Amino acid sequence: MDATLLIDRRTHDLGGGFIVGRVLPFRKRRMVGPFIFFDHMGPLDIAPGAPRELDVRPHPHIGLSTVTYLHSGAITHRDSVGSLQEIRPGEVNWMTAGSGITHSERLEYARAHGATMHGIQAWVALPQKDEETPPSFHHHQGAADLPEIHEDGVSGRLIAGSIDGATSRVPTHSPLFYLHWDMQAGARRTLGAQYPERAVYVACGEIELDGHIVPEGRMIVLEAGHDVTVLARQASTVMLLGGEPIGERFIYWNFVSSSKDRLEQAREDWRQQRMTLPAGDDREFIPLPEGAA
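Residues numbered from 1 in each chain as written. Predicted model: local features only at pLDDT ≥ 70, side-chain atom pairs only at ≥ 80, totals over all residues. Heavy atoms only, no water.

A few points about the pairing of strand β21 (residues 218-222)
- When you tally the buried positions in β21, you get four out of five residues, the bulk of the element.
- Relative to β21, strand β1 (residues 5-8) is paired through four bridges, and the arrangement is antiparallel. If you follow L5 over to β21, its bridge partner there is V221.
- Of the strand pairs in this sheet, strand β18 (residues 197-204) and β21 are connected by four bridges, and their pairing is antiparallel. Residue pairing for β21: V200 is matched across the bridge by I220. (Buried < 20%, exposed > 50% of the residue type's maximum accessible area, 1.4 Å probe, protein only. Helix = DSSP H or I, 4+ residues; strand = E, 2+ residues; numbered from the N terminus. Pairing = 2+ DSSP bridges.)

Next up, the structure:
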């Protein structure tokens, strides 16, 4: 097996000192299937009484679904369709922006109790026919919604999509898969070749894929057409993702679209404050950054 690309996470400040490792988009690989954005959050130790500047204030999205998945800590989500949800480890927040939504991500639990924040936020671009779908929010938890894996030194869950005969109940708009595996040292597991675009990200530890060593903080993009075996060289947390490609997408700040004109419209809507702020969190927002991309 030859990897098509190895991608290192790059440091990015969400504002207020909350540093993440940005993996996608990358100049040589904008997307993997419909996944167009992939941020590794933490691990970051937050003490009780931490400043509100660490929060992600209200901001907008169009043309995508966001999926927030935590390994530790908690995030309080509010959005403009009226959702209020605290997400905890192993749960899934799937927010479809469609024609437009705003939301905030507050560290209320950590501020009250202290916490180690560690997780992944990904964006999934919507198919062109669904880019203007009404915004919605879905929260999922438990094995009934998120099929679990417990075998041969590997535990985890199917976060979204379908693979290897299992299907998550998270509502998606195009063929994809998104998996979390916790692997004991020496454990092996096979990732099937069902989808033409696939990648594996090491959130913690170190793995080997058919001779390729992949350390923590690196994504390996795989060739299509055959199964691959993931070997944990040490205890490792691994995220696996991919799906069917959906075509070229453009990004401006938090907006994704197949149309540059639509991005410009969203930019002006936010600049002119024409987008409703989240219910219960409408006293501040992130201004439009000039030149953002």
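There is more to say, and it comes next.
Here's the deal with the sheet that holds strand β19 (residues 206-209)
- The four strands are arranged β17-β22-β19-β20 in an open sheet whose pairing can be described as antiparallel. Here the strands that pair on one side only, and so sit at the sheet edges, are β17 (188-191) and β20 (212-215). Across this sheet, the average inter-strand angle for adjacent strands is 25°, counted without regard to direction.
- Bridge analysis of β19 against strand β22 (residues 228-232) gives three bridges, and the strand direction is antiparallel. (Axes fitted to C-alpha atoms, helices over the stretch in contact; angles between N-to-C directions.)

Here we look at the environment of D79
- Relative to the assigned elements, D79 resides in strand β7 (residues 75-79).
- Separated by 37 residues in the primary sequence, D79 and T116 have C-alpha atoms spaced 24 Å apart.
- Apart from residues lying up to four places away in sequence, D79 is in contact with M95, I101, T102, H103, F137, P278 and A279.
- Of note is the side chain of D79, whose polar atom sits 2.9 Å from the side chain of S83. (Contact = heavy atoms within 4.5 Å. Polar contact = N/O pair within 3.5 Å; in protein donor to acceptor, adjacent residues only side chain to side chain.)

A look at helix α2 (residues 260-271)
- In a regular helix each residue adds 1.5 Å, so 12 residues correspond to 16 Å; α2 covers 17 Å between its end C-alpha atoms and thus fits that length.
- Turning to α2, its buried residues are R262, L263, A266, R267, D269 and W270. For α2, the buried positions fall inside an angular range of 160° around the axis, keeping them on one side. Exposed side of α2, more than 90 degrees from the buried face: K260 and D261 are the residues found there.
- At its buried positions, α2 is contacted by β5 (56-61), β10 (101-106), β24 (250-252) and β25 (255-257).
- Backbone nitrogen of D261 and a side-chain oxygen of the N-cap are separated by 3.2 Å at the start of α2; the cap is S259.
- Looking one or two residues past α2, Q273 carries a phi angle of roughly 60°, positive in sign. (Expected span 1.5 Å × (residues − 1). Arc of directions from axis to C-beta.)

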